[in-house]
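Structural features, examined
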Amino acid sequence: MLLLIGAFTIGLILSLLAFGVFISFRIFAFPDITADGSITLGGAVAGVLLVANVHPVLATAAAFGAGALAGSATGVLHTRFKINGLLSGILVMTALYSINLHIMGKSNLPLMSQRTFTSMADSAAQRWIGAVSMQVLGWEVSSRDAGVFVFSLVAALVVGVLLYLFFRTNLGTAMQAAGDNAQMIRALGVNVDNMIVLGLALSNGLIAMSGGLLVQYQGFADVQMGIGMVVWGLASIIIGEALVGVRDLGFVIIGAVMGSVLFRLIVALALRGGLNPNDLKLITAGFVFIALVLPSLLRRFKRAPAIEAET
Amino acid sequence: MLEVNGVFKTFNAGTPNEVRALRGVDLTIDDGSFVIVIGTNGSGKSTLLNAVAGGFFVDRGTIRLGGADITSWPEHRRASLIGRVFQNPFSGTAPSMSIAENLVLAARRGRPRGLGWALSRSMRGEFRDRVRRLNMRLEERLDNPIGSLSGGQRQALTLLMASWLKPKLLLLDEHTAALDPKSADQVIQLSDDIVARDRLTTLMVTHSMQQAAQMGDRLVMMHRGSVIHDFRGAEKQRLRANDLLNRFEEVRRAEQLDESAADMLRRLYV
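Residues numbered from 1 in each chain as written. Chains lettered and ligands numbered in written order. Predicted model: local features only at pLDDT ≥ 70, side-chain atom pairs only at ≥ 80, totals over all residues.

**Some thoughts on the overall build of chain A**
To be explicit about the condition: Helix numbering and strand numbering both begin at the N terminus, where a helix is a DSSP run of H or I of at least 4 residues and a strand a DSSP run of E of at least 2. Each radius of gyration reported is based on C-alpha atoms, and the globular scaling rule is 2.2 Å times the count of residues to the power 0.38. For every residue, the other C-beta atoms within 10 Å of its own C-beta are counted; 20 or more classify it as buried, 12 or fewer as exposed, and values in between as partly exposed. C-beta atoms are placed from the backbone. Any pair of residues counts as being in contact when their C-beta atoms, constructed from backbone geometry, are within 7 Å of one another.
Of regular secondary structure, chain A possesses 12 helices and 4 strands. Radius of gyration (C-alpha) of chain A: 20 Å, near the 19 Å computed for a compact globule of 311 residues. When the backbone C-alpha atoms are referred to their principal axes, chain A occupies close to 70 × 50 × 40 Å. For chain A, the residues scored as buried account for 49% of the 311 residues in total. Taking the intrachain contacts of chain A between residues at least 6 apart in sequence as the baseline, contacts between residues at least 24 apart amount to 77%.

Structural data, given as structure tokens:
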């Protein structure tokens, strides 16, 4: 049960990462590797501020802001300096590694007794249930786990709803169109370059916010924590699309949350079942590869008999 | 009013692929005039349209529209004055977005886009009314993604979108060339209707001599990056597709001479 709740909570926190990856990869078809650096950036900024006793809400907001800056940097490299999109992301990600070390002052920053959203959720849950633990379906669940889980759920839902609403505004629809058909939206008076910068800022802001929350959950920030996170987010998106389809943006956003949680659950179960943690990234990459290749393979298999039928 | 003055444009200047696409184009179009542009391949007619739309900046010359000098305006800024329909029916609409969302985008052409709600109930009513007038039964499919429509339907919607907010200038760039004959007829009819109803100042490039003869109140013929014929008023109305073909034949004959000789002959006889 502890394993499940933990996996659920991390999955929910990382659904913000999935939202960010959705904006860059799906809306703009922009393979933005900045994410690996910006999730750590968010963790570093939130961690340092929390150590300095800044309120967790403020620290998380600062993480968002820092990520947005990193995303804009990638966007400006790509649009103003005409650097290939992938390379822009790699440049910013590489630079962020040093920046993150500077922000943290060391490679690992533990959060000991600082007030974080975890401790706040813990005390709120204690007040609510009146004890330090409770029974859920016959399992003992601590108030900390229960509180953090509920908080993460609310956070993922609120951000998801806000994102959905954003893409229903004039600015949001223009951003979608900029990714869908740049020529068309330029002819309707929108500066596509600005939209890309803004989109990457929003994307990396969400990703950094995810990092800021993750640090508060796991109790430390680490300069290595971002490695492979883009692929992680992409896997979540792909699972989500397989689960609920892509008919409507609302489905995609809900799918991203579900995909993120499910992916984390699978990983947790696999690790428990004896998977060597060192193989985790290899298997994640393999999974995304298969998910990317599978649809076209299936189509080829489906098309072959159709041609026979025609002749 | 559109004023194109002495516009030059050379692509890939100084390389073996150098193309002198526009070589001193002068063209003034009065408000409410519907001008057809024809020309051989590589004559610069689409380049001229692109120069006006802002797809690139011209090397020399000025472009003024509605009293403003737009020569140095980027494409997205010119969009506040210009409505466009492209040759490729897939260029003018966002395929993964719904018809209604595409119309919403067009309804704010050239206007600031903030965090206001994009699609309101009252707008949907107006969308339905105006889409119904296309007679394509699309008004019941406002929430379908545009990517699921045919090229003709998408081109008709692009036309509707380009003219949603009355533009100072409507640019039609061979907008029926990629359509099947029936859809092309439909879109041409629609273009005529919309231009006439809103009295839009229009610049239309076409390959079809029939369209060139039947549509518009003025016809401009381009060759080698400049305007070589300009028919207006009664002269334009008398033009038939055959006359135009003959003109092309003349041009082709002149082509067989070298350029300076052709210029001389043109000065003497045309």
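Still more ground to cover, so stick around.
**Points about the domain arrangement of chain A**
Residue and element names in this part refer to chain A. To keep things clear, this is the line we draw: An automatic or database domain assignment is the source of the domain bounds shown. For this classification, Asp, Glu, Lys and Arg are treated as charged, while Ala, Val, Leu, Ile, Met, Phe, Trp, Tyr, Cys and Pro are nonpolar and the rest, including Gly, are polar.
Taken as a whole, chain A is organised into domain 1 (2–275) and domain 2 (280–311). Put simply, the middle of domain 1 and the middle of domain 2, counted by C-alpha atoms, are 29 Å apart. Taken together, the contacts link 7 residues of domain 1 with 7 residues of domain 2. In terms of residues, the side of domain 1 that touches domain 2 owes the most to one element, helix α10 (residues 229–244), which gives 5 residues. Here the residues of the side of domain 1 that touches domain 2 sort into 6 nonpolar, 1 polar and no charged.

**Some remarks on the confidence of the model for chain B**
Detailed reading of the predicted coordinates is not advisable wherever pLDDT falls low. For clarity, the threshold we go by: Note on scores: pLDDT gives the predictor's confidence for each residue, bounded by 0 and 100.
Across chain B, the average pLDDT comes to 90, with 96% of residues at or above 70. Here the predicted complex scores 0.89 on pTM and 0.87 on ipTM.

**Focus: the interface of chain B and chain A**
Every contact between the two is made by 25 residues of chain B and, on the other side, 19 residues of chain A. At the level of elements, α2 (75–78) and α3 (99–107) of chain B are the ones that each hand at least two residues to the side of chain B that touches chain A. Here the side of chain B that touches chain A takes 4 residues from α3 of chain B, the largest share from any one element. Among the residues making up the side of chain B that touches chain A, the classes are represented as 10 nonpolar, 9 polar and 6 charged.

**Looking at the nonpolar core**
Heads up, the condition is: Think of a nonpolar core as buried Ala, Val, Leu, Ile, Met, Phe, Trp, Tyr and Cys residues chained together by C-beta atoms that fall within 7 Å.
Counting residues in each nonpolar core, the largest one holds 164 residues, and the members touching the most others are Phe22 of chain A together with Val37 and Val52 of chain B. In contact with Phe22 of chain A, not counting residues within four places along its chain, are Ile27, Ile237, Val252 and Ala256 of chain A.

**Examining the packing of helix α5 (residues 151–162) of chain B against helix α6 (residues 181–198) of chain B**
Helix-helix packing: each pair is described by the crossing angle between the helix axes and the interaxial distance. Residue and element names in this part refer to chain B. Condition: Helix axes are fitted only over the stretch in contact, all axes being lines through C-alpha atoms; the angle between N-to-C directions runs from 0 to 180 degrees. Throughout, the term roughly parallel applies to angles under 35 degrees, roughly antiparallel to angles over 145, roughly perpendicular to angles from 65 to 115, and oblique to all others.
It is the contact of α5 with α6, at a shortest axis distance of 9 Å, that shows an interaxial angle of 10°. One finds that α5 runs roughly parallel with respect to α6. The segment α5 lies against α6, with Gly151, Gly152, Gln155, Ala156 and Leu159 engaging Ser183, Gln186, Val187, Leu190, Ser191 and Ile194. Per-class residue counts for the contact of α5 with α6 are 5 nonpolar, 6 polar and no charged.

**Considerations on unusual backbone geometry**
All names here are of chain B. Phi is positive for Asn135, which is not a glycine, with a value near 60°. Taking the number of C-beta atoms within 10 Å as the measure of exposure, Asn135 has 12 and is therefore exposed. Of note, Arg224 is a non-glycine position whose phi angle comes to about 50°, a positive value. Residue position: Arg224 is located in the loop between β9 (218–223) and β10 (226–232). Under the C-beta neighbour-count criterion, Arg224 is labelled partly exposed, with 18 such atoms within 10 Å.

**As for the sheet that holds strand β4 (residues 60–65) of chain B**
Residue and element names in this part refer to chain B. Quick note on the threshold: Two strands form a pair only when DSSP identifies at least two bridges running between them.
A sheet is described by the order of its strands in space; here 4 strands give the open sequence β2-β1-β4-β5, paired in antiparallel fashion. Looking at the sheet topology across the chains shown, the edges are occupied by β2 (19–29) and β5 (68–69). Where strand β1 (residues 2–11) meets β4, 5 bridges bridge the pair, whose relative direction is antiparallel. Among the inter-strand pairings, Glu3 is bridged to a residue of β4, identified as Arg64.

**Some thoughts on the pairing of β4 of chain B**
Residue and element names in this part refer to chain B. Pairing of β4 with β5, which is carried by 2 bridges, proceeds in the antiparallel orientation. Bridging across to β5, Arg64 finds its partner in Asp69. In this structure, the hairpin formed by β4 and β5 is closed by a connection of 2 residues, where Gly66 is found at a positive phi of approximately 55°.

**Points about the sheet that holds β10 of chain B**
All names here are of chain B. The mixed open sheet is built from 6 strands, whose spatial order is β6-β7-β8-β3-β9-β10. The sheet terminates laterally at β6 (82–85) and β10, the two strands that pair on one side only. Taking each pair of neighbouring strands and ignoring which way they run, the sheet shows an average axis angle of 20°. In terms of strand pairing, β9 meets β10 through 6 bridges, oriented antiparallel. Bridging from a neighbouring strand, Leu219 pairs with Phe231 of β10. Packed on one face of the sheet, α5 meets β6 and β7 (169–173) and runs near 175° to β6.

**Describing the environment of His102 of chain A**
With respect to the secondary-structure elements, His102 of chain A resides in helix α4 (residues 85–104). Placed 58 residues apart in sequence, His102 of chain A and Ala44 of chain A show a C-alpha to C-alpha distance of 9.3 Å.

**Concerning the pairing of strand β3 (residues 139–142) of chain A**
Each regular strand shows side chains that alternate between the opposite faces of the sheet. Residues and elements named next belong to chain A. Relative to β3, strand β2 (residues 133–136) runs antiparallel, the two being bridged by 4 bridges. Bridge assignment links Met134 to a residue of β3, and that residue is Val141. Following β2, the chain reverses through 2 residues before pairing antiparallel with β3; Leu137 in that reversal takes a positive phi of roughly 50°.

**Regarding α5 of chain B**
All names here are of chain B. Rules: Helix span, as expected, comes to 1.5 Å for every residue beyond the first.
Between its first and last C-alpha, α5 extends 16 Å over 12 residues, near the 16 Å set by a 1.5 Å rise per residue. Within α5 the residues assigned to the buried category are Gly152, Gln153, Arg154, Gln155, Ala156, Leu157, Thr158, Leu159, Leu160, Met161 and Ala162. For α5, the secondary structure elements touched by its buried residues are β6, α3, α4 (121–132), β7 and α6.

**A few points about the packing of helix α6 (residues 143–166) of chain A against helix α11 (residues 249–272) of chain A**
All names here are of chain A. To keep things clear, this is the line we draw: By convention the crossing between two helices is left-handed if the near helix lies anticlockwise of the far one by an angle smaller than a right angle, and right-handed if it lies clockwise.
Here α6 crosses α11 at 155°, and the two axes come no closer than 10 Å. It follows from the interaxial angle that α6 and α11 lie roughly antiparallel. The interaxial crossing formed by α6 with α11 has right-handed handedness. Contacts between α6 and α11 involve Ala156, Gly160, Leu163 and Tyr164 from the first element and Leu249, Gly250, Ile253 and Val257 from the second. In terms of residue class, the contact of α6 with α11 is made up of 6 nonpolar, 2 polar and no charged.

**Here's the deal with α11 of chain A**
All names here are of chain A. Relative to the 34 Å expected for 24 residues at 1.5 Å per residue, α11 spans 34 Å between its end C-alpha atoms, a close match to the ideal helical length. Looking only at α11, the buried set comprises Val252, Ile253, Gly255, Ala256, Val257, Gly259, Ser260, Val261, Leu262, Phe263, Arg264 and Val267. Two residues or fewer past α11, Gly274 is found with a positive phi of approximately 110°.

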